[in-house]
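Report on the structure
Chain by chain, the residues run as shown.
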Amino acid sequence: MVLPVWWRKRIPRYRFVGALCKDCGRIHYPPRNACPYCGSRNLELVPLPRRGVLESYSIVYSVPGDNRLNAPLPIGLVRLENGVRVVAELTDVVPEKLEKGIEVEAVIRRIGEDGETGTILYGVKFRPALGRK
Amino acid sequence: MAYVTSVGLVRVDRNYYKSPRDLAFEAASKAIEDVKLDTIDYVIVTSSLTYLQASQFDLAAYIARELGVNVRSAFTVEAGENSGLAGVEVALNLIRSHAAERILLVGVDKLTEYISNRTYKMIQAIYDTESDAVYNVGHAGPMALLMRLYMDRYGVDRETLAHWPVMMHTHGKENPYAMLRFKVTPDKVVNAMPIAEPITLLDAYPLGDGAAAVLLSSEDQGGDHLAKLSEVYSSIGFQSIALRDDPLSFEAVGQIAREAGLNPEDIDVAEIHDSFTITGILLLEELGFAPRGKAAEMVAEGAFTKGGSGPLVNASGGLKARGHPKGATGVYMLAEVAMQLAGTFPGIRADSPRKGIAVGVNAHGSSARLAFLEAL
């Protein structure tokens, strides 16, 4: 991973922002150049709800690159409160206690680091939801 | 249409002593050794990893130059795990448009050049590097999410799903070109080392090196041929499983199956993409070979093996047992279906098959292709 690649995506990745299609009304994440559903370019950035439900999960052992040292890593398919789905890493979980349907919330966490410069790369991960909404 | 004239396969293996170019040379030489050729119009190399593994651009020209045949043009086609059938699609269209009489397709990839975590990093790039593959999902993560979703939705247990790799190993054991030539039991599959729960090592394709070559000819070329390549259907899908209304639907596969007017009862042999158990199961359902949620049960009942109620599926052993050298896989599939139709496949054979298909996808279905072949 080279740094400009990460830097270009800093807004959606650090602020957890999606794109609303003003033609078909659907929201997707991360924002793309065109709506994945209708192809429209008439898009507006919108903040995404931080909470959702875990629809599926996995504990990944075949972890790529230097992050192998952190294996195994939990990942999940999360359905946010507005229906938008996200594939992301999970954090702060006990693998044995993971189950379908638990409520999760988005937090900023370290995803890895750039091998050459050592810069730490952050992004949104999901953890079991704490407290009230 | 075009003819599949001849094929050349290298056994998928950990070929530490052979470079990608050595493997390609071996497969290509086997494909053309018994054919009288003046000129090959195009050498199309399909590979998705060779640039990363061997730091080589313009690979096709370097491979073509060593063949000792007059070659007009050479280029490389890349479409991730679907590269092989993408090359078939390009070749068929060149022949149909009368731009070529003879095309040599050479698929090659090597997955054992580096230690496995480095390879996982390279092959994770089959997924969208702007969304899912930002994370450390590896090559299996998104498919593991689908496997658990499938088990939950349809109430299919882990052991029933294990019958897919069991069948693949039973088939692969008879195929001299398969990487894994031993039988496994459902119990072994379930209890194998996890690579991305609930996917275990025995649900996943092995990391291996291989090359396959197929010589395609136009209708005007006389001589003997193995089979007819009638059509290649192609489609693209969503960037992520998260974008689908139903994450379990491989919409690009459904699209090409409809476009092809695929009637499972008409198909005698099929080679389908089974990077993981769940990929094979979902493709069987998307192609209409099994109702939703029922494919694993049908596999366990022997529906897709020789003498079963359905077509003979993955007599090669599939990606699971034959192996999956990425960009080469689609070329293996084409060669295997053509040999089935000609009655020359060196493993388990269908009884006088007339129609066959090869179906490939990249990753979760970012692209999908279906090649339709007929016996001569």
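Residues numbered from 1 in each chain as written. Chains lettered and ligands numbered in written order. Predicted model: local features only at pLDDT ≥ 70, side-chain atom pairs only at ≥ 80, totals over all residues. Heavy atoms only, no water.

A word on the domain arrangement of chain A. Residue and element names in this part refer to chain A. Assigned domains of chain A: these are domain 1 (1-48) and domain 2 (49-133). Relative placement of domain 1 and domain 2: their C-alpha centres are 19 Å apart. Listed by partner, the interface residues are 12 residues for domain 1 and 17 residues for domain 2. Approximately 1,200 Å² of surface area, both sides summed, lies buried where domain 1 meets domain 2, with 68% of it carried by carbon and sulfur atoms. Three residues stand out in domain 1 for area buried against domain 2, namely Leu 3, Phe 16 and Leu 48, and they jointly supply 44% of the buried area on that side. Elements that contribute at least two residues to the side of domain 1 that touches domain 2 include exactly α1 (3-8) and α2 (10-15). With 3 residues, α2 is the single largest residue contributor to the side of domain 1 that touches domain 2. Looking at the side of domain 1 that touches domain 2 residue by residue, the classes come out as 10 nonpolar, no polar and 2 charged. (Domains from an automatic or database assignment. Contact = heavy atoms within 4.5 Å. Buried area = accessible area lost by both parts, 1.4 Å probe. Helix = DSSP H or I, 4+ residues; strand = E, 2+ residues; numbered from the N terminus. Nonpolar A, V, L, I, M, F, W, Y, C, P; charged D, E, K, R; others polar.)

Turning our attention to the pairing of strand β1 (residues 2-9) of chain B. Residues and elements named next belong to chain B. Of all 8 residues making up β1, 8 are buried, and the element is well covered by its neighbours. Of the strand pairs in this sheet, β1 and strand β8 (residues 227-236) are connected by 3 bridges, and their pairing is antiparallel. Following the sheet pairing, Tyr 3 is matched in β8 by Lys 228. With 6 bridges connecting them, β1 and strand β7 (residues 210-217) associate as antiparallel partners. Across the sheet, Val 4 pairs through a bridge with Leu 216, a residue of β7. (Buried < 20%, exposed > 50% of the residue type's maximum accessible area, 1.4 Å probe, protein only. Pairing = 2+ DSSP bridges.)

On to the side chain of Arg 102 of chain B. All names here are of chain B. Along the polypeptide, Arg 102 turns up in strand β4 (residues 102-109). Despite its burial, Arg 102 pairs with no opposite charge, the nearest such side chain being Asp 41 at 7.1 Å. Engagement of the side chain of Arg 102 in a polar contact is seen with the side chain of Gln 221, the distance being 3.3 Å. Sequence-distant contacts of Arg 102, that is, excluding residues within four places in its chain, are made with Thr 5, Val 35, Lys 36, Leu 37, Thr 39, Ile 40, Asp 41, Tyr 42, Leu 215, Leu 216, Ser 217 and Gln 221. (Lys, Arg positive; Asp, Glu negative; His and termini not counted. Salt bridge = Lys/Arg side-chain N within 4 Å of Asp/Glu carboxyl O. Polar contact = N/O pair within 3.5 Å; in protein donor to acceptor, adjacent residues only side chain to side chain.)

Turning our attention to the sheet that holds strand β2 (residues 27-28) of chain A. Residue and element names in this part refer to chain A. Here 3 strands make up an open sheet; going across it, the order is β2-β1-β3 and the pairing antiparallel. Here the strands that pair on one side only, and so sit at the sheet edges, are β2 and β3 (43-47). Pairing geometry for strand β1 (residues 17-21) and β2, over 2 bridges, is antiparallel. Across the sheet, Leu 20 pairs through a bridge with Ile 27, a residue of β2.

To continue, consider the sheet that holds strand β9 (residues 269-272) of chain B. Either a parallel or an antiparallel arrangement is found when strands of a sheet pair, and the pairing is made through backbone hydrogen bonds. Spatial ordering of the open sheet is given by β3-β2-β4-β7-β1-β8-β12-β11-β9-β10 (chain B), a layout of 10 strands whose pairing is mixed. On the outer flanks of this sheet lie β3 (70-77) and β10 (312-313) of chain B, each paired with one strand and no other.

To continue, consider the interface of chain B and chain A. With 35 residues of chain B in contact, the opposing surface of chain A contributes 35 residues. Of all residues in chain B, Tyr 135, Asn 136 and Leu 145 of chain B bury the most surface against chain A, accounting for 25% of the area lost on that side. At the boundary of chain B and chain A, one finds 3 salt bridges. With a closest N to O distance of 3.1 Å, Glu 130 of chain B and Lys 9 of chain A form a salt bridge. Between the two partners, chain B and chain A, sit 19 residue pairs in polar contact (both at pLDDT 80 or more). Those elements giving two or more residues to the side of chain B that touches chain A turn out to be α5 (116-123), α6 (141-154) and β5 (194-196) of chain B. Ranked by residues supplied to the side of chain B that touches chain A, first place goes to α6 of chain B with 7 residues. Across the side of chain B that touches chain A, the residue classes tally to 17 nonpolar, 9 polar and 9 charged.

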